[in-house]
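# Notes for the structure review
Letter by letter, the chains look like this.
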Amino acid sequence: MTTYLIRRLFWLIPVLLTVSAVTFIIMRSAPGSPWDTDADRRQVDALTQKSLEAYYGLDKPMWRQFVGYVIGDWNSQTDKFVCGLVCGNLGPSYRQRGRSVQDILFAAPENQTFWQSRFGYSVRLGLSALVFAIFIGIPIGIIAALKQNTITDYIALFFATSGISVPSFVLAIFLIIIFGSWLHWVDIIVDDWTQVKYWLMPTLVLGFGTMAFTARLTRSAMLEVLRQDYIRTARAKGLAERVVVLRHMLKNALIPVITILGPALAGLVTGSFIIETMFSFPGMGRAYVQSIGQRDYSMIMGTTVVYALLVAVANLSVDVIYVFIDPRIRLEE
Amino acid sequence: MTTTQPATTNRIAELNDVFRPSRSLGQEAWSRLIRNKASVVGMIIISFFIILAAFASVIAPENPLKINDGMRFLPPPFYKGSTNTQPDQRFLLGTDSLGRDVLSRVIYGARVSMVVGFIPTAIILMLGTVIGMISGYVGGRLDNVLMRLTDVIYAFPDLLFFIIVMVALRDSFLGRLMNGLILLFAALAIVNWVSVARLVRGQVLSLKQKEFVEAARCIGVKDARIMFRHILPNSLGPLIVSAAFSVPGLIITEAILGYLGIGLRPSTDSTAFFITSWGALMLDGQSAINGQPFLLLAPAICVALVVLAFTFLGDGLRDALDPRMRGTQ
């Protein structure tokens, strides 16, 4: 188990290195300098551009920039060693002067907790969407399976299929227009995210696809378990239906569901940037979309690396949890 | 007679089943497919949008590029918006930020979605099949290297990759070809061949142990011929299903990129084939959500419809091509 864990952790290194290398190469192959057109369309003169390039270390050769980004490099002005990605330093933002990327993403406003940072907001949104998906999706899947081939089952299946295939931002458009613009049930523009009621819409929209997927997976897993001999045995010995369903069926049917939770959470955290933008939610995703609009290369790159790390860790954690809940799984391939 | 004696009719149908003329596997699958109501509906919707895309210039009621001064964000005639602007009967779905007809622009937008759905899928299938076949058939070190490569590509969050490529290379030579469509195709293909390659490799690994492949090898059939004439046709079913599910995924990706403002460049050239995309329309529609919501709604409904249609078709195809899979997932 420990060997397996260590091996998997080491596998993260080449993955992250490749992700940052690919991102780095693509970003640097963009034609022109990042300051050709400034955010406010101000032309930057040649001298300023030169000093900016020196400040961000862009005058160095490509390989050295990359090594500097990943491991670290000597600052040309102060001659001090500045540690890179390995120390969690994602470099200075090109557009928000004086702030580093990790500062923008992870630092909370003054006198506030980590959960008030952009990353904290995104994690909270992702987690609440996941909780919504689990607590609505699993019961729907169970009911659909128990009432297989009835109208309830068909309705649930139809919703699950559409929930999986229709992308969340399209769903968001429908909900915003219907409930916000036409019925005036919810506020479209929210600037105070401390109130819980405003979290309802983004959570629902973000979690809907995962909820539908969970429902469908639970249903098919339940259907498989439903016909097992031990279920017949449980019924034959006169156990209450509730006990049969919850203790005998669900316990086994949930194993495939648990495997998708890690990727689902990673998907919810990384896939939320459009939803965050639509609801002007102060999370990491919205910062990412803004940096796309401003062509803030270091910000785009840093966020991508953070996202990639999240996905990799989520996948890893599932594989580990899997071993604990299903004794049939053996790790030694 | 048929209505009064259902039992007899069933019996006749059964006998017909036994004594029918022999049909190929493809015909068999097709007849199963068209018995599936949901996938027939899916096919009808898809054909509708393909026709819309192909004949956009004939179907569109207005010129999608014509700017009508003083007619910004007009609501459709049937909609009472919150603003007091008077709708114009000519614009069935109202107008956009420059007074252009929304309906016509949505119809032209179908072109991009259809092309982005189908062309990269074709590239992905070809690339994935060839790499997967070679990897599975040759095996050994080559297989190992190729599979590690797919592992790494798998680990990359794909939407982020598309975003990076589209942001960085937008102003490069490649990014300018066909309003950025070529770059989009390339980015989509580079990432998505991986799952096809894995699928094909798995198929090849199991098929190459089968007796018919051994028999072919015994009579001296060359490797390339075994791969493409014996193994490939037998793994066609899962490939077709994965293609049907790949198309909507690509359409969604394009819509997201367009919505972020980094998809296809909107064209102002009246001779251009691709004028705007649904994603770009949604981006445009965000600014007038109260007065003219149809700029946002119409493309969103189109995306939802197309994606659902392909999902239904894909489900139907899976059931039709592999009846053993019916009901699972």
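Overview of the structure. (Residues numbered from 1 in each chain as written. Chains lettered and ligands numbered in written order. Predicted model: local features only at pLDDT ≥ 70, side-chain atom pairs only at ≥ 80, totals over all residues.)

The next thing to look at is the overall build of chain B. Across its full length, chain B holds 14 helices and zero strands. Counting from the amino terminus, helix and strand elements in chain B follow one another as α-α-α-α-α-α-α-α-α-α-α-α-α-α. In chain B, which comprises 329 residues, the proportion classed as buried is 45%. For chain B, long-range pairs separated by at least 24 residues make up 72% of all intrachain contacts whose partners lie at least 6 apart in sequence. (Helix = DSSP H or I, 4+ residues; strand = E, 2+ residues; numbered from the N terminus. Buried ≥ 20, exposed ≤ 12 C-beta atoms within 10 Å, placed from the backbone. Contact = placed C-beta atoms within 7 Å.)

Here we come to the overall build of chain A. Of regular secondary structure, chain A possesses 13 helices and two strands. Summarising its shape, the C-alpha atoms of chain A cover approximately 85 × 55 × 40 Å along the three principal directions. Classification of the 333 residues of chain A by burial places 36% in the buried group.

Another aspect to go through is helix α14 (residues 294–321) of chain B. The end-to-end C-alpha distance of α14(B), which contains 28 residues, comes to 39 Å, matching closely the 40 Å that a straight helix rising 1.5 Å per residue would cover. Taken across its 28 residues, α14(B) has 25 buried, putting it largely inside the fold. (Expected span 1.5 Å × (residues − 1).)

So, on to the nonpolar core. Membership of the largest hydrophobic core comes to 171 residues, with the highest contact counts inside it found for Ile173(A), Ile163(B), Ile164(B), Val165(B) and Met166(B). Considering each element in turn, this core owes the most residues, 18 residues, to α14(B). Leaving out residues up to four positions away in the same chain, Ile173(A) has contacts with Met282(B), Leu296(B), Leu297(B) and Ala300(B). (Core = buried A, V, L, I, M, F, W, Y, C linked by C-beta atoms within 7 Å.)

Our next topic: the interface of chain B and chain A. Counting residues at the interface gives 34 residues for chain B, matched by 36 residues for chain A. Per element, the largest residue contribution to the side of chain B that touches chain A is eight residues, and it comes from α14(B). In terms of residue class, the side of chain B that touches chain A is built from 27 nonpolar, six polar and one charged. (Nonpolar A, V, L, I, M, F, W, Y, C, P; charged D, E, K, R; others polar.)

All names here are of chain A. Take arginine 219: it is sitting in helix α8 (residues 200–226). Note on arginine 219: 26 C-beta atoms within 10 Å, which makes it buried. Counting along the chain gives 66 residues from arginine 219 to aspartate 153, while the straight-line C-alpha distance between them is 9.3 Å. With residues near it in sequence (within four places) discarded, arginine 219 still touches Gly141, Ala144 and Ala145.

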